[in-house]
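Each chain, letter by letter, is given below.
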Amino acid sequence: MKTEKYLFTQPHHPPQGRPRLAVTLGDPAGIGPEVVLKALADEQITQDAQITVIGSRSLLQTAYKELRHTVDSTTPLAEPDNLSILDIPLDASTAHQITLGRGNAASGDASFAYLKSAIAQTLAGEFEGIVTAPIAKSFWKAAGHDYPGQTEVLAQAAGVERFGMLFVARSPHTGWLLRTLLATTHIPLHQVPHTLTPDLMKTKLDLLVEYLRLEFGVETPRIAISGLNPHSGEQGQLGREEKDWLIPWLEQERKQRPQIKLDGPVPPDTLWVKAGQAWYSNPAIPNLPDAYLALYHDQGLIPVKLMAFDRAINTTIGLPFVRTSPDHGTAYDIAGQGIANSTSMKAAIQLAAQLVRHRQLL
Ligand SMILES: NC(=O)C1=CN([C@@H]2O[C@H](COP(=O)(O)OP(=O)(O)OC[C@H]3O[C@@H](n4cnc5c(N)ncnc54)[C@H](O)[C@@H]3O)[C@@H](O)[C@H]2O)C=CC1
Ligand SMILES: NCC(=O)COP(=O)(O)O
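Just so we're clear, the structure is a prediction, and the values are computed from it rather than from any experiment. (Residues numbered from 1 in each chain as written. Chains lettered and ligands numbered in written order. Predicted model: local features only at pLDDT ≥ 70, side-chain atom pairs only at ≥ 80, totals over all residues. Heavy atoms only, no water.)

**Let's talk about the overall build of the protein chain**
Summing up its helical and strand segments, the protein chain has 13 helices and eleven strands in all. A globule of 362 residues ought to have a C-alpha radius of gyration of about 21 Å, and the protein chain, at 21 Å, matches this closely. In terms of its C-alpha atoms, the protein chain occupies a principal-axis envelope of roughly 60 × 45 × 40 Å. Within the span of the protein chain, comprising 362 residues, buried residues form 54% of the whole. Taking all contacts inside the protein chain whose residues are at least 6 apart in sequence as the whole, residues at least 24 apart take part in 77%. Of the roughly 15,500 Å² of accessible surface on the protein chain, a fraction of 52% belongs to carbon and sulfur atoms. Where the 32 positive side-chain charges of the protein chain centre and where its 36 negative ones centre are 4 Å apart. (Helix = DSSP H or I, 4+ residues; strand = E, 2+ residues; numbered from the N terminus. Rg over C-alpha atoms; globule rule 2.2 N^0.38 Å. Buried < 20%, exposed > 50% of the residue type's maximum accessible area, 1.4 Å probe, protein only. Contact = heavy atoms within 4.5 Å. Areas by Shrake-Rupley, 256 points an atom, 1.4 Å probe, with all protein chains shown as cover. Lys, Arg positive; Asp, Glu negative; His and termini not counted. Charge placed at Lys NZ, Arg CZ, Asp CG, Glu CD.)

Below, the structure written as structure tokens:
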């Protein structure tokens, strides 16, 4: 199925008032409920959008009571009774199996149900965007839901085959926007070289170019594309992918898109050097890319998380509705301790509201 007609189109219902967002609780054994309660205590966030939490009301009430004893008394927490909640109750046996800090099939199943409900309601026009709290893929699998991640469930339910996992973060030091699209995502490393093809790269580049133009108004972007091998293959001596197809593909793209500046394949070890300078001190570096296209998960996410772990946002591009998520995972090691940082969740809600408003203007 083609995605073009769905990309960046209006939701089913004509938009009215503040963006209508569903916020899922994620894995109830992780920090999802905590970062949701912390984020929704911030008036700047709740004034920006009409938010409905999707998950178990009783679980959220318990999380609130426990956190109230754990966190510093000055830490704001939203009171569940003041929130709009689409209750997905846990049956008694599932509730009994959920233990903070220890994900399992029960917590995986609950987090899958929250996502499915958010998607169904959004496709029915109730929401214009979904913000997902983190889930654990392994516990989805343990519960019989075999997907690489939430991204693929969203894409499948929306009926799109062309979609991408993009990370966006604004530097608190310079205001510069770091944007990184991953060409491949949740696959084993040994599958990366065979999965990467000129067709896949073209699809991801198309999505990125379109997203930059429609969502950020960047008409003539500079995009930096990573190499795969050390030194981008060193003329074939350290790996042949660049020489065999990545360089020829890029040369062809340059001819076909003369208005876009495509750098690369840039040796992966130096690709993000300018990004680091722009992030921490100088966003006026000559030839600074507007976006990065990384070839695999950790190639893109190590620099993103090194610079922006507390604030980067994962957004799925190519869907007929908005989807954002914090960049972090379930953090079982700190669940229930009250120390989870909610900045990335707040940023995810703010970006979702901004993207919905932007679509309303199209
Ligand atoms: N969007 C999603 O649903 C994502 C889900 N995951 C899932 O999360 C699970 C755990 O993954 P990990 O690799 O351990 O990554 P993680 O992000 O859960 O944790 C990595 C480290 O960062 C800390 N951390 C994470 N979020 C934090 C926060 N908000 N405040 C303070 N510290 C925080 C954790 O305590 C841990 O030390 C995996 O099963 C993975 O599938 C991972 C990334 C994204
Ligand atoms: N590392 C990013 C990540 O795990 C996001 O996965 P998804 O659940 O948003 O597909």
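**Some remarks on the side chain of arginine 359**
Here arginine 359 is to be found in helix H13 (residues 343-361). Since its relative accessible area comes to 7%, arginine 359 is described here as buried. From its side chain, arginine 359 meets the backbone oxygen of leucine 319 in a polar contact 3.5 Å long. (Polar contact = N/O pair within 3.5 Å; in protein donor to acceptor, adjacent residues only side chain to side chain.)

**Describing the site of ligand 1**
Taken together, the neighbourhood of ligand 1 is formed by 17 residues, with Ile135, Gly329, Ala331, Asp333 and Asn341 sitting nearest. Take serine 325: an N or O atom from its side chain is 3.5 Å from a nitrogen atom of ligand 1. One of the side-chain nitrogen or oxygen atoms of aspartate 333 is found 2.8 Å away from an oxygen atom of ligand 1. Summarising the interface, the protein chains cover 66% of the accessible area of ligand 1, which totals 810 Å² for the free molecule. Its residues placed into classes, the shell around ligand 1 shows eight nonpolar, six polar and three charged. (Near = heavy atom within 4 Å. Nonpolar A, V, L, I, M, F, W, Y, C, P; charged D, E, K, R; others polar.)

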